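Here is what each chain is made of, one letter per residue.
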Amino acid sequence: MNGRSESPLDSTADPLIAVEDVTVAYGDLDVLEGVSLSIERGEFVGLVGPNGAGKTTLLSAINGVANPDSGTVRVDGLPVAESPARAVSRRVATVPQDTTLAFDFSVEDVVAMGRTPYHDRLSADPDADGAVERALERTETAEFRDRSIRSLSGGERQRAVLARAFAQETPALVLDEPTASLDINHQVRTLDLVRDRVDTEGTAVLAAIHDLDLAARFCDRIAVLSDGDLLAVGSPDAVLTGDRLETAFDTATAVRSDPITGAPTVTPLSDRGETDLRVHVTGSGRTAARSIATLRRAGATVTAGVLPAGDVAAATAADLGVETVTAPPFEPVDDRTLAAIEADVAAADAVVVAGRVAPAVREVVGDGRPVVAVRSERDPERAVPGVGDIPADDGSAVGRDRGQSVAETATPLAVRETVTPPTVVDAVVEAAEQAVVADD
Amino acid sequence: MNTGSRALVWSVGMAALLCVVALVSAAIGPVRVPLPTVARAALNAVAVPTGAAFVVDSLSAFGASIPVPAVDLSYTYLFSLSVDSTHETIVRRIRLPRIVLGATVGFALATAGTVMQGFFRNSMADPSIIGVSSGAAVGAVATIALSISAPGGLQTAAFVGALLAAFAVYLIATEGGQTPVATLLLAGVAIQTFLGAVVSYLLLQAGESLDQALYWLMGRLHNATWGEVAATLPVAVVCFLALLAYARDMNVLLLGEDDAHTLGIEVERTKRLLLAVSSVVTAAAVAVAGVIGFVGLIVPHMMRLLVGPDHRILLPTSALAGGAFLVATDTLARSGPAELPVGIVTAALGAPFFLYLLRTREVHSL
């Protein structure tokens, strides 16, 4: 689905939708600040960003509902702001966010309203019936054409409104949250119809989509809008990164590849807390992974290492954009790798040891920083690292057998607290504070 | 059946209903006239304009004489059927002018009501919602109470008052070329309240003409003349046709203004036109008949239940049904032991119906 990727840069034809340096202000507030965006024929661009970022306003500038205070929007060469609504509506159709209708029109009546731009005051549009028929077929709404639009379910109504936009037979289409409040089946079905329109008619589409996974799956390009500014425009793989999303949405996210669709999927990590501490995490397995995620969610700056490569902890750290040093599992950690984490440890306000740690690593991380040990939630009786029962006796980053006994060679750490992953943040904050007091 | 033929069938049906109601109404009264006689007398009254000459009338106002161009029409009567002359006089001179004026006023009010309900996307709106009736009341009551001999008489004063009030509401509600519907509604309520105070004050000053002023305010069709019909009917028909040409636009406006814009409607321009034309048609009706409430509210609402929200069908059927409704209620008003102003009858029937709607049907937000 993402085979189209980026539009060719050497295209000589003008883009179908050309937004140039558009600023829209409501009163003193700039909702859009100098936004530029081009969309080619046959291209499906997803517009993502937090609520209030200006997504709807950008769509309104394109369909002519809002007039930019500066900058221009051209659709198929037509300057939107200076053109009559009728001319604009023959070039760009709109699927609005709110599709509820207070009056009892039939589905067919609603779809037929899509032909409004082609009717003259006294003579009807000769292509109306054909266009309405095609739109009904295309959106699979013909079966309930005679039903009242008010009697439809949300998903059916969305398809009917999509049919209305299709009946406009425009080269461009903008959609404002077409999947909001639909169940997953109708979300996919709706976007499939749009995608099909793009692929078969060469329609240029810009759709505000709040679901980042759906945007990544269906769109050729993603535009990230935040605070009235376009942060990035590009292929889903290039644009949907943890850092960028954190800037846009102000929340930590994990981005990974969906194993089925291959598109990036985004997992928001709920709200960020207040902590601005710098924490270094070492260890392995689920305990380390959860500790890293919890600390990131709390807003801490996290570094990690040495983690076993391929371990769930290393994967989580990568997804969260955490700077990580890894080493191959089941091998002794070499000095270069150890040196790589020394600076991170020295800069950290606290060190978290979660799960098994190689003795060589333990010596580095125990070097002067307050240490919080984290044990597994599932089996709190086992493996409290640094208290002498660390079972990594072979010098490797992680032990082979969980049943291994206490490693005599391990150097016990000066552990401030031993906690489970959910409480790691409080423990880290406390440990760091105590360390500051002790230093004084 | 497509929309065009549905509109035609319904309209023909409503027109037939209007004719039947009118004929029955013309037969009812202190002197009972047999229906066939009524029909013949009515046909004898049918005239078509066959000649027109431009003449210059002069209107004297404030001591000055203003030349006013006017059209002098000559009529040809199509039928000359033999009818008992007493019955013909009763039907043609007394009952038909009142019936035709009633039909015209009902037609006009229902037309304006349909448009206003669509405009406000609220089936509880009525034609006086933007102050037209209140303005007409001030014009009429001022003329009566202060014994002003305005050029063109009471009707002209009421007509001008109505348009001034609507225009004032429009100006107050408009900012930067935008007229938000909710602001318009609130401005209408405020102006209506203010003009209501003016009317109350004028009534206090009315002295001996108080009865006359009160009768006007209650809405009445008695003493209707063919002259009033000639002044009102063309305005009603022309405004109706203009609005009918915008039926499709009104449908699209029901989707909301932003949606309408993306479907190619010049929203503000269309709203201005709809407001202006429906104000004129309401003013024309109110000027000759006084404040007749609820016709413009109930009739479009009932017709919407019958034919659906599509204005291409709703507007003509509502207009014709409004005519039939007002003729019927006026017949009730004049056939009781003492003649009542028709406004009392329509309100007495309309208010309970309004409350019924309020309790049973979803009231849509603005």
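Residues numbered from 1 in each chain as written. Chains lettered and ligands numbered in written order. Predicted model: local features only at pLDDT ≥ 70, side-chain atom pairs only at ≥ 80, totals over all residues.

Asker: An account of the interface of chain B and chain A is requested, with residue identities and associated values reported.
Answerer: The interface is formed by 19 residues belonging to chain B together with 21 residues belonging to chain A. The set of elements that each furnish at least two residues to the side of chain B that touches chain A consists of helix H9 (247–253) and helix H10 (257–262) of chain B. Residue contributions to the side of chain B that touches chain A peak at 4 residues, all from H10(B). Taken together, the residues of the side of chain B that touches chain A sort by class into 7 nonpolar, 6 polar and 6 charged. (Contact = placed C-beta atoms within 7 Å. Helix = DSSP H or I, 4+ residues; strand = E, 2+ residues; numbered from the N terminus. Nonpolar A, V, L, I, M, F, W, Y, C, P; charged D, E, K, R; others polar.)

Asker: Describe the sheet that holds strand E2 (residues 29–39) of chain A, and please don't skip the residues or the numbers.
Answerer: Residues and elements named next belong to chain A. The 4 strands are arranged E2-E1-E4-E5 in an open sheet whose pairing can be described as antiparallel. Edge positions in the sheet fall to E2 and strand E5 (78–79), since each of these pairs with one other strand and no more. In the sheet, strand E4 (residues 70–75) pairs with E5 via 2 bridges, with the strands oriented antiparallel. Note that in E5 the partner of Arg74 across the bridge is Pro79. Relative to strand E1 (residues 17–26), helix H1 (residues 55–63) is tilted by about 120 degrees, and along the sheet it contacts E1, E2 and E4. (Pairing = 2+ DSSP bridges. Axes fitted to C-alpha atoms, helices over the stretch in contact; angles between N-to-C directions.)

Asker: Explain the nonpolar core to me, using residue names and the numbers behind them.
Answerer: Of all hydrophobic cores here, the largest spans 196 residues; its most connected members are A:Ile62, B:Val141 and B:Ala162. Among the elements that make up this core, the one with the highest residue count is helix H3 (residues 85–119) of chain B (16 residues). When near neighbours in sequence (up to four residues on either side) are disregarded, B:Val141 contacts B:Val199, B:Leu202, B:Leu203, B:Ala213, B:Trp216 and B:Leu217. Counting 49 residues, the second-largest nonpolar core is a separate cluster that includes A:Leu295, A:Val306, A:Val325 and A:Ala373. (Core = buried A, V, L, I, M, F, W, Y, C linked by C-beta atoms within 7 Å. Buried ≥ 20, exposed ≤ 12 C-beta atoms within 10 Å, placed from the backbone.)

Asker: Can you lay out H3(B) for me, pointing to particular residues and giving the numbers?
Answerer: All names here are of chain B. Taking 1.5 Å as the rise per residue, H3 with 35 residues should run 51 Å; its terminal C-alpha atoms sit 48 Å apart, in good agreement. Largest kink in H3: about 45 degrees, centred on Arg95, with the proline Pro97 one to four residues after it. Within H3, 28 of the 35 residues are buried, which leaves it mostly tucked inside the rest of the structure. At the C-terminal side of H3, Arg121 shows a positive phi close to 45 degrees. (Expected span 1.5 Å × (residues − 1). Bend = angle between axes of the 7 residues up to and from the residue.)

Asker: Got a sec to walk through the packing of helix H5 (residues 153–173) of chain B against helix H6 (residues 181–204) of chain B? Specific residues and values, please.
Answerer: Residues and elements named next belong to chain B. In the contact formed by H5 and H6, the axes pass within 9 Å of each other and the chain directions differ by 135 degrees. The angle between the axes of H5 and H6 places the two elements in the oblique class. Like other packed secondary-structure pairs, H5 and H6 cross with a definite hand, here right-handed. Each of Ala165, Ala168, Val169, Ile172 and Ala173 in H5 lies in contact with H6, whose residues at this interface are Thr183, Leu184, Ala187, Gly188, Ile191 and Leu195. (Parallel < 35°, antiparallel > 145°, perpendicular 65-115°, else oblique. Left-handed = near helix turned anticlockwise from the far one by under 90°.)

Asker: If you had to explain unusual backbone geometry to someone new, which residues and values would you point to?
Answerer: For the peptide bond that leads from A:Gly305 to A:Val306, omega is -5 degrees, which places it in the cis range. Structurally, A:Val306 can be placed in strand E14 (residues 301–308). For A:Asp76, which is not a glycine, the phi torsion comes out positive at approximately 55 degrees. Not every positive phi belongs to a glycine, and B:Asn223 is a case in point at roughly 60 degrees. Turning to its location among the elements, B:Asn223 is positioned in the loop between helix H7 (210–218) and helix H8 (226–244).

Asker: Report on the domain arrangement of chain A, specifying residues and quantitative values.
Answerer: Residue and element names in this part refer to chain A. Partitioning chain A into structural domains gives domain 1 (17–91 + 170–268) and domain 2 (278–439). At the interface, 6 residues of domain 1 touch 5 residues of domain 2. Of all the elements, strand E11 (residues 253–257) adds the most residues to the side of domain 1 that touches domain 2, at 3 residues. Tallied by class, residues from the side of domain 1 that touches domain 2 come to 3 nonpolar, 1 polar and 2 charged. (Domains from an automatic or database assignment.)

Asker: Could you give me a rundown of the domain arrangement of chain B, with the residues and numbers involved?
Answerer: Domain parsing of chain B yields domain 1 (3–45 + 93–360) and domain 2 (49–83). Computed over C-alpha atoms, the centres of domain 1 of chain B and domain 2 of chain B are 26 Å apart.

Asker: Now, about the sheet that holds strand E3 (residues 44–48) of chain A: what can you tell me, with residues and values included?
Answerer: All names here are of chain A. Strand order in this open sheet of 6 strands is E6-E7-E8-E3-E9-E10, and the pairing throughout is mixed. Both outer strands of the open sheet, strand E6 (92–95) and strand E10 (229–234), are each paired with one neighbouring strand and no more. The average undirected angle you get between the axes of adjacent strands in this sheet is 15 degrees. Where E3 and strand E9 (residues 221–226) come together, 4 bridges link them in parallel fashion. Across the sheet, the residue bridging to Gly46 is Ile222, located in E9. Contacts between helix H5 (residues 154–167) and the sheet are confined to E6 and strand E7 (172–176), with E6 contributing the most and set at about 175 degrees to the helix.

Asker: Got a sec to walk through the confidence of the model for chain B? Specific residues and values, please.
Answerer: Low-pLDDT portions of the prediction should not be read for the details of their coordinates. Residue and element names in this part refer to chain B. In the predicted model, chain B carries a mean pLDDT of 87, and the fraction of residues at 70 or more is 94%. The weakest mean pLDDT in chain B belongs to strand E1 (residues 47–61) at 70; the strongest belongs to helix H13 (residues 311–335) at 95. Overall fold confidence (pTM) sits at 0.75, and the ipTM for the predicted complex is 0.82. (pLDDT = per-residue confidence, 0-100.)

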